[in-house]
Amino acid sequence: MTASMSPPLGVRGRDVAVLAVGLLTTALTVVGVRRLPVSATTAALALLLVVLGTSTFGRLWIATVVAVAATLALNFFFLPPVGTFTIADPQNWVALFAFLATAVIASNLSAAAQARASDAIARRNEVTRLFDLTRDVLLTTETVGAIDALARHVARRFQLAGVAICLPGHHGWRIHQGGHDEVRVESDLLNQALAKARGALEFDAHRRAYGGHIQVADAQGNGVLIVPLRHGTKAVGLLAAVVPTLDVGTLDAVAGVVAIAIERTQFLSEREAAELVRQKADLAATLLASLSHDLKTPLTAIRVAVENLSGHLPAGEHAAQANAAIAELDRLNRLFQDILDMARIDAAAIDVERQWVTPADVVDAASAHVRHALDGHPLHVDADTETEVEIDPRVASVALSHLLENAGRYSPTSCEIAVQARAGADGLRVAVTDQGPGLDPGELDHLFERFYRGHTARQLAPGTGMGLAITRGLLAAVGGRVWAENVPGGGARFTIVVPGAQRPMSVRV
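Here the structure is a predicted model, which is why all the values come from computation and not from measurement.

A. Spotlight on the pairing of strand β1 (residues 163-169). For β1, the tally of buried residues reaches 5 of 7 residues, placing the bulk of the element in the interior. Bridge count between β1 and strand β7 (residues 234-242): 4 bridges; the pairing is antiparallel. Note on β7: the bridge partner recorded for isoleucine 165 is leucine 239.

B. Inspection of helix α12 (residues 467-477) at higher detail. A large share of α12 lies buried, amounting to 8 of its 11 residues. If you check which residues of α12 are buried, you get Gly467, Leu468, Ala469, Ile470, Thr471, Gly473, Leu474 and Leu475. Two residues or fewer after α12 comes glycine 479, characterised by a positive phi angle close to 80°.

C. Focus on the environment of alanine 63. Counting through the fold element by element, alanine 63 comes out in helix α3 (residues 60-78). Judged by its relative accessible area of 0%, alanine 63 is buried. With 44 residues separating them in the primary sequence, alanine 63 and leucine 19 have C-alpha atoms 7.9 Å apart. Excluding its chain neighbours within four sequence positions, the residues that come into contact with alanine 63 are Val51, Thr54, Ser55 and Ser107.

D. How the structure looks around helix α10 (residues 393-410). Taking 1.5 Å of rise per residue, the 18 residues of α10 would be expected to cover 26 Å, and the 26 Å separating its terminal C-alpha atoms lies within 8% of that figure. Counted residue by residue, α10 has 15 buried out of 18 residues, so it is predominantly covered. The N-terminus of α10 is capped by aspartate 392, whose side-chain oxygen sits 3.0 Å from the backbone nitrogen of arginine 394.

The rules behind these values
Residues numbered from 1 in each chain as written. Predicted model: local features only at pLDDT ≥ 70, side-chain atom pairs only at ≥ 80, totals over all residues. Heavy atoms only, no water. Buried < 20%, exposed > 50% of the residue type's maximum accessible area, 1.4 Å probe, protein only. Helix = DSSP H or I, 4+ residues; strand = E, 2+ residues; numbered from the N terminus. Pairing = 2+ DSSP bridges. Contact = heavy atoms within 4.5 Å. Expected span 1.5 Å × (residues − 1). Polar contact = N/O pair within 3.5 Å; in protein donor to acceptor, adjacent residues only side chain to side chain.

Put into structure tokens, the structure is as follows:
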């Protein structure tokens with residue numbers, strides 16, 4: 001970045017080294033040329049090369065000192081009378097002044113070229129770092145903590161010891177710090193700076209910056225440069241940096257990028273809010289449509305069964321109608337339980353109560369919960385009864401019950417459903433394998449979305465599409481996971497993992 005210009009006579013370590021090398025080279029050149037049978041013109045050209053070389057690596061004042069030293073050496077050692085600073089021939093005066101003028105002009109031109117090159121490098125670095133900062137902004141997709149991350153990016157990219165993004169709020173200033181030094185500026189000073197920034201907008205072409213920047217002292221007495229953050233022509237905040245090596249124009253350009261990043265963060269936040277509203281509206285519409293269909297069927301069946309029971313029926317038919325009504329009531333109960341589970345998942349209100357249970361206990365509870373869906377399907381259970389895992393048995397059994405219900409619903413009657421449950425290093429692992437039509441590979445990515453039902457599923461059996469979404473939500477609440485895959489030869493396999501500690505049954509107290 002553009003550094004502050006050093007005073008012309010400012011002496012630094014590098015300047016001293018360049019000056020010493022220039023004077024030493026001048027002395028060595030005089031010694032070397034004197035040992036050769038050369039003319040004063042040749043000696044002048046050799047010394048001129050030393051001056052040009054010094055001006056290439058040093059500042060203007062260093063090159064001027066070396067040029068004067070070379071001029072004196074040329075006069076003393078090569079212009080008659082040799083050994084004195086007296087010049088006898090007037091032509092030698094002309095040659096001496098021409099040498100000195102050439103050396104100074106060449107030094108000046110070289111110094112100007114160095115300054116332009118240094119300025120070009122600084123501008124290139126400025127553009128590069130602004131580009132890097134812009135890329136940091138574009139890669140930030142989270143809205144929570146985005147402004148704090150932005151302040152850190154600014155401090156890191158531009159090597160600022162301390163930087164703060166100051167945004168006015170309803171209850172004072174919100175300060176987002178970056179860098180290892182904290183910037184603390186009084187609220188009154190920030191108010192004054194913002195009021196000045198909201199005045200007439202002027203552009204200083206020399207400093208490459210818009211008006212409104214001020215320099216103040218922070219709580220520790222350090223100088224702080226404050227520039228406005230503008231959306232268009234409106235100042236919406238301030239960027240404060242501990243007296244940086246950046247010039248005002250560069251810091252003003254950084255402030256412009258920061259203002260755009262803040263505006264982008266606000267747009268992302270508004271878009272997320274709008275997306276949440278849209279999702280809730282879609283959820284309500286889908287839920288209403290699903291419930292209107294799934295409530296009508298069991299209510300109609302219950303009504304018919306009750307009407308039949310009110311008449312005179314044989315004992316066998318009486319029991320069948322009663323069982324049909326009970327089955328539909330169970331179906332309604334499961335539907336409302338699914339709605340409650342989904343509401344708890346949305347509200348992050350899943351209470352986790354861990355207990356020591358065996359994998360077989362979880363499978364027994366889940367299969368008992370959906371025994372109606374498993375009627376007519378042989379159930380082959382291979383569950384561990386010798387090891388316990390510390391999990392929430394209700395969450396695990398409800399999640400597993402939805403997988404068992406799906407397997408019974410989409411498998412042909414009399415086809416076996418296999419359940420394997422084990423306690424391993426990652427907790428409880430249960431796999432449910434059916435002999436149904438399998439899963440469409442193109443639908444695997446959407447399988448666990450709410451209310452999603454594949455083309456084959458819609459043709460085989462009615463449903464709401466909530467079961468797998470509830471399974472994923474319940475497992476996510478306890479740090480578990482679920483996935484699905486096709487089985488070679490036909491069928492599908494759903495696997496759940498519920499993390500938890502394990503111990504042998506013998507440890508039970």
